[in-house]
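Overview (structure and organization)
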Amino acid sequence: MNNSAYALFGAKLIERGYCAVPAVPGTKVPGNFVGGRWIRMADWTRRYRDRPPGDREVETWERAAAGGICLIMGRASKGVVAVDIDTNEGVAPVTAALPETPVKKRGQKGETLFFQNPHGVVSKAFTLIHPDGRRQRLVDMLSEGRQTVIPPTIHPDTGRPYIWTGDRELADVDPE
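Being a predicted model, the structure only gives us computed values, none of them experimental.

Overview of the overall build of the protein chain
Of the regular secondary structure elements, the protein chain holds four helices and 11 strands. Against the compact-globule benchmark of 16 Å for 176 residues, the protein chain has a radius of gyration of 16 Å, which places it among compact chains. Seen along its three principal axes, the alpha-carbon backbone of the protein chain occupies a region of about 50 × 35 × 30 Å. Expressed as a percentage of its 176 residues, the buried residues of the protein chain come to 44%. At a minimum sequence separation of 6, the contacts of the protein chain that also span at least 24 residues come to 63%. Only carbon and sulfur atoms are counted for the fraction: they give 51% of the accessible area of the protein chain, which is about 9300 Å². Across the protein chain, the mean location of the 24 positive side-chain charges is 5 Å away from that of the 21 negative side-chain charges.

Put into structure tokens, the structure is as follows:
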């Protein structure tokens, strides 16, 4: 039995209406298992723009060891978008300014909040530029052409799984 994150939850997420593809083990990037090894999936933004993976793709990925889960945002997942807060200090003020959502996750720091928006949101990054010129990413709006890694994928920097921090998990709710 394969206990990878994708083997455990990939098909269930797709059945719910999400576009879930595997993450290359030890990374945050979509991947494909070809010839017994993982490679980066270069064309995921085109291939899964409007549709989830097919049954044959899912079956191949479920057999591959160690694959994480990338959730493709926007139309492919029936309008699901995310607000990715990249600092611990930003979680309270950003969540206070947004509607409540029961679906949230955490990796190394900050938190990602999931929402449904069938009209789409433009993907955008908000970056703080410090007086010394150093740039610090604060918040990302994730929609069309973007993806996020979801639990229980192993975070590449901490070696621990991403976790759900809200009352619900994506696999337990329909995108609508």
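A look at the pairing of strand E5 (residues 80–85)
For E5, a buried count of six out of six residues is recorded, marking the element as mostly surrounded by other parts of the structure. Residues Val80, Ala82 and Asp84 line one face of E5 and the alternating positions Val81, Val83 and Ile85 line the opposite face, and both faces are buried. Bridge analysis of E5 against strand E9 (residues 135–142) gives four bridges, and the strand direction is antiparallel. Bridged to Ile85 within E9 is Val139.

Points about the sheet that holds strand E4 (residues 68–72)
Read from one edge of the open sheet, three strands run E1-E4-E10, paired in antiparallel fashion. Pairing within the sheet leaves two strands with one partner each, and these edge strands are strand E1 (19–23) and strand E10 (147–150). Each strand axis lies, on average, 35° off the axis of its neighbour in the sheet, ignoring direction. Note: E4 against E10, four bridges, orientation antiparallel. Counterpart to Leu71 in the pairing with E10 is Thr148.

Comments concerning the sheet that holds strand E7 (residues 111–116)
The strand order across the open sheet built from six strands is E8-E9-E5-E7-E6-E11, with neighbouring strands paired in antiparallel fashion. The outermost strands of the open sheet, each flanked by one partner alone, are strand E8 (124–129) and strand E11 (163–164).

Brief notes about the layout of surface pockets
Think of a ball as big as a water molecule: rolled over the atoms, this probe shows where empty space is left. There is about 380 Å³ of room inside the largest pocket. Lining the largest pocket are 21 residues, and of these Lys28, Asp84, Asp86, Lys105 and Tyr162 lie nearest its centre. Those elements that provide at least two residues to the lining of the largest pocket are E5, strand E6 (104–106), E7, E9 and E10. Within this model, the second largest pocket holds a volume of roughly 170 Å³. As for the second largest pocket, its lining consists of 13 residues, of which Thr101, Val103, Phe114, Val173 and Pro175 are closest to the centre. Sorting elements by how many residues they give to the lining of the second largest pocket places E7 first, with three residues. Considered class by class, the residues forming the lining of the second largest pocket number nine nonpolar, two polar and two charged.

Here we look at the side chain of Thr87
Relative to the helices and strands, Thr87 resides in the loop between E5 and helix H4 (91–97). Residue class for Thr87 comes out buried when judged on its relative accessible area of 10%. Within the local environment of Thr87, its side chain forms a polar contact with the backbone nitrogen of Gly90, the two atoms lying 3.0 Å apart. In contact with Thr87, not counting residues within four places along its chain, are Gly110, Gln136, Arg137 and Leu138.

The rules we used
Residues numbered from 1 in each chain as written. Predicted model: local features only at pLDDT ≥ 70, side-chain atom pairs only at ≥ 80, totals over all residues. Heavy atoms only, no water. Helix = DSSP H or I, 4+ residues; strand = E, 2+ residues; numbered from the N terminus. Rg over C-alpha atoms; globule rule 2.2 N^0.38 Å. Buried < 20%, exposed > 50% of the residue type's maximum accessible area, 1.4 Å probe, protein only. Contact = heavy atoms within 4.5 Å. Areas by Shrake-Rupley, 256 points an atom, 1.4 Å probe, with all protein chains shown as cover. Lys, Arg positive; Asp, Glu negative; His and termini not counted. Charge placed at Lys NZ, Arg CZ, Asp CG, Glu CD. Pairing = 2+ DSSP bridges. Axes fitted to C-alpha atoms, helices over the stretch in contact; angles between N-to-C directions. 1 Å grid on protein atoms, 1.4 Å probe; cavity = no way out; pocket = protein on both sides within 12 Å on 5 of 7 lines; lining within 4 Å. Points joined across faces, edges and corners; volume = space filled by probe spheres on them. Nonpolar A, V, L, I, M, F, W, Y, C, P; charged D, E, K, R; others polar. Polar contact = N/O pair within 3.5 Å; in protein donor to acceptor, adjacent residues only side chain to side chain.

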